[in-house]
Every structure is written in structure tokens, then in C-alpha cells.
Amino acid sequence: MTSIEKLFYLRLVDSKAVEEFHYNPGQFLEISVPGVGEAPISVCNVQKTPGELQLCIRKVGRVTNAIHRLKEKDLLWLRGPYGNGFPMGVMENHNLLLIAGGLGIAPLRSVLQHALLHRDKYGLITVMYGVRCYSTMLFREEFLKLFREGDKLGVEFLLAYEDKSDAECYQLACERSDRCMSGLVTKLIEATPIKPDNTYAVICGPPVMYKFVVKELTQRHFTPAQIYMTMERRMKCGVGKCGHCITGSSNSIKYVCKDGPVFTYLDALKTRGLL
Ligand SMILES: Cc1cc2nc3c(=O)[nH]c(=O)nc-3n(C[C@H](O)[C@H](O)[C@H](O)COP(=O)(O)OP(=O)(O)OC[C@H]3O[C@@H](n4cnc5c(N)ncnc54)[C@H](O)[C@@H]3O)c2cc1C
Ligand code: FES
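Residues numbered from 1 in each chain as written. Chains lettered and ligands numbered in written order. Predicted model: local features only at pLDDT ≥ 70, side-chain atom pairs only at ≥ 80, totals over all residues. Heavy atoms only, no water.

### Observations regarding the side chain of Gln47
To be explicit about the condition: In this description a helix means any DSSP run of H or I spanning at least four residues, a strand means any run of E spanning at least two, and both kinds are numbered starting from the N terminus. Relative accessibility decides the category of a residue: with a 1.4 Å probe and only protein chains considered, values under 20% of the type maximum give buried, values over 50% give exposed, and everything between is partly exposed. As used in this structure description, the phrase polar contact means that two N or O atoms lie within 3.5 Å; if the pair is within protein, one of them must be able to donate a hydrogen and the other to accept it, and residues adjacent in sequence are counted only when both atoms belong to side chains. We call two residues contacting when some pair of their heavy atoms lies within 4.5 Å.
Here Gln47 is to be found in the loop between β3 (37-42) and β4 (52-58). When its relative accessible area of 19% is taken as the criterion, Gln47 is described as buried. A distance of 2.8 Å separates the side chain of Gln47 from the backbone oxygen of Phe21, its partner in a polar contact. Separated by 2.8 Å, the side chain of Gln47 and the backbone nitrogen of Tyr23 make a polar contact. Those residues in contact with Gln47 that lie beyond four places of it in its chain are Phe21, His22 and Tyr23.

Shown next, in the form of C-alpha cells:
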């Protein structure tokens, strides 16, 4: 997909596991390469075919580099799915505002796919995606189609790009200046008339993004309970046993792997260090 991110198509080889394997948007798997190690990775598509799933993986270190070196039909080990995932049921009959930065679009893609699969259960879907430039945009073809033709599906797809000199993004901005602009993803929130009534916001991106996005949303009168965020922490067991991902203090302690990785902004206000 880009120089550092690849989309992996996985098929479970254990037929018993195929029957039992069910995941929800926002859940993650512990993926391992024998002799190298394990890493938590979010599923990035909605479950359609039993035993099949997609993972979008950025190579950053030992495990993810080893995964990138694999070839077609090589074996990977996985445990999970783990974590709470997004409350798709709670968000039914509401508009969805999905806000992603960079690789954060991966888990939100499964939310988007779920909502499109059950289109009558959700209102207007707005996606705001912030990228550095065109070459770092993930799922490019898929999202450009939504950028141009999303209206037919009740989807507004908006793009923000950081590199002002990027020619491809500039071209997209000329095509639809109301849907593509240079700047950070927060600029899209500033420029778009968003009504908080009957809307849930869902955020995923680099840690620095959350604070600014939440500020914009609260200024637009989103309540802390209307804002969902998926958080990343260094993890080991993924199931609430080792304590690696604990955050908070005596009043409120959260295991990001078990209680999350999806939290509301209300949780973040109560739990020190979560945001
Ligand atoms: C719930 C959850 C879902 C995730 N989903 C995805 C996904 O869909 N796609 C994806 O590519 N990645 C995802 N990640 C991040 C991924 O787990 C890490 O990048 C991976 O564990 C790195 O392992 P590694 O052995 O390749 O790197 P390492 O060799 O362990 O580390 C390489 C470098 O990355 C840093 N690093 C590693 N993990 C993290 C982290 N979690 N936060 C900040 N810095 C880190 C290290 O400090 C080091 O500098 C997710 C993480 C969590 C917790
Ligand atoms: S990763 Fe072990 S408790 Fe969360």
C-alpha cells in the first residue's frame, strides 16, 4: 500500500477455529512470528467470510519487519480477538463521524465497512482522514472512490494533507475544495458544519492528534460520552494478566488490552494517563 505499510489477507487453516472465530470492529489480535515475537494488530475489515480477515501492518521493528518479509501462503500464528471493540450496537440510529490520522484509518475502516454493510441502521457517515501526502494515504483506491461517489451511499469522505506542495492532493483539492484541504485533520472539523445531535465521533490516530481533535469536538458541543477513541499501549499478554498496559491511578485503573482499546473521552477524563 505504501513503502512501509502492507495489507495482509489472512485465512485460518484450522477448520475448528474458523467456526469459532468472530471479531468486531476495533478488536485486535496478537500476531506472532515464531522465534521473533508477538505484536497486537487491529483487524481492518468487517467479518464477511468465516475465517478470513485483513490486517494493515506498518513495519516499525522486529515483529512487523518479520511479517513484512513473509511471502504468499506463509504461516502466521495468531491469538484473539481481544479487547472490547467499538460499540456498533450503541451507535445504531446515529450519525457517525470517523476521524483518523495516518495508520489510524485501519481500525476505522472496519467501523465504516460495518456501517455500510448495515446501511439502514446508521445515519450520515462522515469520514475525516488526515495524511501527510498522497503517497502515505492508505486504501487509496477505495477511499478515492468514496471521496468522489460517497454521496450515493450517504458517506461524506474528507481528506486533509499536511504537505502543501503535494501535487496529487492539490489536484484532489481542486476537484472538491469542500472535501480536500491542506492542513491537519482538525482543519476539516473547523471547516465542516457538524451537528453533535444524534452523532457519535470515533477517533483513531497518532497520540498527539487526540488532544486537538477532542478540543475541536467539545467546542462543537460533543459531550465526552459521544466521543470514542481507540488507544495504543505497549502490550504483552493482551488479556489483562501481565499488567503491561495498565493506566490510571487508585480512583480509576484501566487495562488498555481488556477494558479497551476503545474508550470514551469520559473514561479518559476519569483515568489519569489514558489520553
Ligand atoms: C490495540 C493495538 C492495535 C494496533 N493495531 C495496529 C495495526 O493495525 N497496524 C499496525 O501496523 N500496528 C498496530 N499496532 C502497533 C503495533 O502493535 C506495534 O507497532 C508493534 O507491536 C511493533 O512491534 P515490533 O516488534 O515490530 O516493533 P518493536 O521492535 O517492538 O519496536 C519498534 C519501535 O516501535 C516502537 N513501538 C512499538 N510498539 C509501539 C506502540 N504500541 N506504541 C508506540 N511505539 C511503539 C518502539 O518503541 C520502537 O521504537 C497496534 C497496537 C495496539 C496496542
Ligand atoms: S497487555 Fe497484559 S495486562 Fe494488558
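We are not done yet, so read on.
### Some thoughts on the UniProt feature "domain: FAD-binding FR-type" (unreviewed entry) in the protein
Inclusion rule: UniProt positions are given in the numbering used here, feature names are shortened, and annotations may be inferred rather than shown by experiment.
Per the UniProt record, the feature "domain: FAD-binding FR-type" (unreviewed entry) sits at residues 1-88. Secondary structure across residues 1-88 divides into 15% helix and 36% strand, with the first and last C-alpha atoms of the span separated by 27 Å.

### Examining the pattern of salt bridges
We apply this condition: Salt bridge criterion: a side-chain nitrogen from Lys or Arg within 4 Å of a carboxyl oxygen from Asp or Glu.
The full count for this structure, using the stated rule, is eleven salt bridges. For Arg109, the salt bridge goes to Glu142, with nearest N and O atoms at 2.8 Å. Here Arg109, found in helix α3 (residues 105-117), pairs with Glu142, found in helix α4 (residues 140-149); they are 33 residues apart in sequence, far enough to count as distant. When its relative accessible area of 4% is taken as the criterion, Arg109 is described as buried. Its salt-bridge partner being Glu216, residue Arg220 comes within 3.1 Å of it at the nearest N-O pair. Judged by relative accessible area, which is 12%, Glu216 ranks as buried.

### Overview of α4
Because an α-helix packs 3.6 residues into every turn, residues spaced three or four apart end up facing the same way. The following threshold applies: In this description, one arc is meant: the one made by directions from the helix axis to the C-beta atoms.
Buried residues of α4: Phe143, Leu144, Leu146 and Phe147, and no others. Within α4, the buried residues cover an arc of 160 degrees as seen down the axis, which keeps them to one side. Residues Glu141 and Lys145 are exposed on α4 and point more than 90 degrees away from its buried face. Taken together, the buried residues of α4 touch α3, β7 (125-131), β8 (155-161), α5 (167-175) and β9 (180-182).

### A few points about helix α7 (residues 207-219)
Of the positions making up α7, those classed as buried are Met209, Tyr210, Val213, Val214, Glu216 and Leu217. Down the axis of α7, the buried side of the element spans an arc of 160 degrees, and every buried residue falls inside it. Exposed positions of α7 whose direction lies more than 90 degrees from the buried face are Val208, Lys211 and Lys215. Among the structural elements, β6 (95-101), α6 (185-191), β10 (199-204), β11 (227-230) and α8 (265-270) are those in contact with the buried residues of α7.

### Some details on unusual backbone geometry
Residue Pro81 is bonded to the preceding Gly80 through a cis peptide linkage, with omega at 0 degrees. Secondary-structure assignment places Pro81 in strand β5 (residues 77-82). For the bond from Gly260 to Pro261, the omega torsion is 10 degrees, close enough to zero to count as cis. Positionally, Pro261 belongs in the loop between β13 (252-255) and β14 (262-264). Of note, His221 is a non-glycine position whose phi angle comes to about 70 degrees, a positive value. Among the structural elements, His221 can be located in the loop between α7 and β11. The exposure class assigned to His221 is exposed, which follows from its relative accessible area of 63%.

### As for the UniProt feature "binding site: [2Fe-2S] cluster" (unreviewed entry) in the protein
Residues given the UniProt feature "binding site: [2Fe-2S] cluster" (unreviewed entry) here are Cys237, Cys242, Cys245 and Cys257. The named residues occupy 21 residues along the chain; their greatest pairwise C-alpha distance, 10.4 Å, places them in one compact cluster. With respect to the secondary-structure elements, Cys237 resides in the loop between β11 and β12 (246-249). Here Cys245 lies in the loop between β11 and β12. Excluding its chain neighbours within four sequence positions, the residues that come into contact with Cys245 are Arg233, Arg234, Met235, Lys254, Tyr255, Val256 and Cys257.

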